[in-house]
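# Examination of the molecular architecture
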Amino acid sequence: MNAWYTILLLVVSNIFMTFAWYGHLKLQQLKLITTNTPLIVVILISWGIAFAEYSCQVPANRMGYQGNGGAFILMQLKVIQEVITLLIFTIFSVVFFRGEQLHWNHFVAFGCLIAAVYFVFLK
């Protein structure tokens, strides 16, 4: 069960991370902020969102790490996190940025990530 809590926290963390990193671009499209909005304001907004991200990411890594009684070695945690990051980002970009499209090479890259997960979990 610990492994599933870790993965759930990583998913939630990556949702916040994606909004912290790229949400301001969507806010610009919606005209809620402009290119004239001071960069420090955009950074502070992103840091506020990133706080929520770290509030999930750090517990996920602590709970999931085998050295703390978790289910994963460090390399497995990182590969899982990267796969989740790209899945969340893909959904985010397709849903929130309608002009972004997936192409064949993106699917090949996803296949390589699935292979990476397979290989990192080999004994």
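Not measured: the values here are computed from a predicted model.

## Structural notes on the overall build of the protein
- Looking only at helices and strands, the protein features 4 helices and 0 strands.
- Of the regular secondary structure in the protein, the N- to C-terminal order runs α-α-α-α.
- Expressed along its principal axes, the backbone C-alpha trace of the protein runs to roughly 50 × 35 × 20 Å.
- For the protein, the residues scored as buried account for 28% of the 123 residues in total.
- Taking as baseline every contact in the protein between residues at least 6 positions apart, the subset at least 24 positions apart corresponds to 74%.
- Carbon and sulfur atoms make up 72% of the accessible area of the protein, which amounts to about 8300 Å² in all.

## Looking at the layout of surface pockets
- Considering only enclosed or pocket space, the largest pocket measures out at about 180 Å³ in volume.
- Forming the walls of the largest pocket are Leu86, Phe89, Thr90, Ser93, Val94, Glu100, Gln101, Leu102, His106, Ala109 and Phe110.
- When contributions to the lining of the largest pocket are tallied by element, the ones reaching two or more residues are helix H3 (74-96) and helix H4 (104-120).
- It is H3 that provides the largest number of residues to the lining of the largest pocket, a total of 5 residues.
- Of the residues in the lining of the largest pocket, the class split is 6 nonpolar, 4 polar and 1 charged.

## A word on the side chain of asparagine 14
- Relative to the assigned elements, asparagine 14 resides in helix H1 (residues 2-29).
- Judged by its relative accessible area of 0%, asparagine 14 falls in the buried class.
- Those residues within four positions of asparagine 14 in sequence are excluded, and the remaining contacts are Gln57, Gln81, Ile84, Thr85 and Ile88.

## Observations regarding the nonpolar core
- One finds Ala3, Leu10, Ala60, Phe72, Leu77, Ile80, Ile84 and Ile88 forming the largest nonpolar core, which totals 8 residues.
- Elements supplying a minimum of two residues to this core: H1 and H3.
- Among all residues touching isoleucine 80, those that are not within four sequence positions of it are Ile7, Leu10, Phe72 and Phe121.

## Quick notes on the pattern of salt bridges
- Following the criterion strictly, the structure yields 1 salt bridge and no others.
- Measuring nitrogen to oxygen at the nearest pair gives 2.7 Å for the salt bridge that ties lysine 78 to glutamate 82. Residue lysine 78 and its partner glutamate 82 are both found in helix H3; the two are separated by 4 residues, about one turn of the helix.
- For lysine 78, a relative accessible area of 45% puts it in the partly exposed group.
- Judged by its relative accessible area of 31%, glutamate 82 is partly exposed.

Here is what the cut-offs are and how they apply
Residues numbered from 1 in each chain as written. Predicted model: local features only at pLDDT ≥ 70, side-chain atom pairs only at ≥ 80, totals over all residues. Heavy atoms only, no water. Helix = DSSP H or I, 4+ residues; strand = E, 2+ residues; numbered from the N terminus. Buried < 20%, exposed > 50% of the residue type's maximum accessible area, 1.4 Å probe, protein only. Contact = heavy atoms within 4.5 Å. Areas by Shrake-Rupley, 256 points an atom, 1.4 Å probe, with all protein chains shown as cover. 1 Å grid on protein atoms, 1.4 Å probe; cavity = no way out; pocket = protein on both sides within 12 Å on 5 of 7 lines; lining within 4 Å. Points joined across faces, edges and corners; volume = space filled by probe spheres on them. Nonpolar A, V, L, I, M, F, W, Y, C, P; charged D, E, K, R; others polar. Core = buried A, V, L, I, M, F, W, Y, C linked by side-chain atoms within 4.5 Å. Salt bridge = Lys/Arg side-chain N within 4 Å of Asp/Glu carboxyl O.

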